[in-house]
Amino acid sequence: MTGEIENLIDELPHASSRRVEEIASILEGVLSDIECNYPIEDDSDTAYECQNIPIAKELISLVRAWNESDEKLRTEDRKSEDWDRRSKVINKLSKELKTRFNQI
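Residues numbered from 1 in each chain as written. Predicted model: local features only at pLDDT ≥ 70, side-chain atom pairs only at ≥ 80, totals over all residues. Heavy atoms only, no water.

Asker: So what exactly am I meant to see when it comes to the nonpolar core here?
Answerer: Across soluble globular proteins, nonpolar side chains have a tendency to be buried as a group. Residues Leu 27, Val 63, Leu 97 and Phe 101 are the most contacted members of the largest nonpolar core, which totals 20 residues. Put simply, the parts of the chain that give this core at least two residues each are helix 1 (3-11), helix 2 (17-32), helix 3 (45-75) and helix 4 (80-103). Here this core takes six residues from helix 3, the largest share from any one element. Sequence-distant contacts of Val 63, defined by excluding residues within four places in its chain, comprise Leu 12, Val 20, Ile 90, Leu 93 and Leu 97. (Core = buried A, V, L, I, M, F, W, Y, C linked by side-chain atoms within 4.5 Å. Buried < 20%, exposed > 50% of the residue type's maximum accessible area, 1.4 Å probe, protein only. Helix = DSSP H or I, 4+ residues; strand = E, 2+ residues; numbered from the N terminus. Contact = heavy atoms within 4.5 Å.)

Structure below.
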């Protein structure tokens, strides 16, 4: 994984809603540029990389869903335990995204 992608993923937990959406779009673009010419059943490294692409796309979808619900939370009264729980969610998603991009 390039340092630039890693830096973008690291930025997610602290980014504004708009920036989270920008990062998600960039990451999706990176994934769409990767060509998978091998069947998933193939046990080569390329097939293993290809298996991680749908997982990474799902994680990006979860980041977007988190971002949408976080935006609502920001406009409402928020309890500190809700905020802490939500921070743990985005931190976990970021960590998993980083892992998947390393495997691709």
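Asker: Looking at this model, I keep getting lost on the side chain of Asn 52. Mind explaining?
Answerer: As for its placement among the helices and strands, Asn 52 is situated in helix 3. For Asn 52, the side chain forms a polar contact with the side chain of Arg 100, separated by 2.5 Å. Those residues in contact with Asn 52 that lie beyond four places of it in its chain are Arg 100, Gln 103 and Ile 104. (Polar contact = N/O pair within 3.5 Å; in protein donor to acceptor, adjacent residues only side chain to side chain.)

Asker: Which parts of the structure should I look at to understand the pattern of salt bridges?
Answerer: Two side chains bearing opposite charge may form a pair once their charged atoms approach each other closely. Counting across every chain of the model gives six salt bridges. Of the charged contacts, one joins Glu 11 and Arg 19 as a salt bridge, the two residues approaching to 2.6 Å between their closest N and O atoms. A relative accessible area of 29% places Glu 11 in the partly exposed class. A salt bridge links Arg 64 to Glu 28; the nearest nitrogen and oxygen atoms lie 2.7 Å apart. A residue pair is termed long-range when its members are at least 10 positions apart, and Arg 64 in helix 3 and Glu 28 in helix 2 qualify at 36 residues. Assessed through its relative accessible area of 18%, Arg 64 is described here as buried. A single salt-bridge network, built from bridges that share partners, covers Glu 11, Arg 19 and Glu 22. (Salt bridge = Lys/Arg side-chain N within 4 Å of Asp/Glu carboxyl O.)

Asker: Even after reading the chapter, I still don't get the environment of Asn 7, so can you show me in this structure?
Answerer: Residue position: Asn 7 is located in helix 1. Judged by its relative accessible area of 52%, Asn 7 falls in the exposed class.

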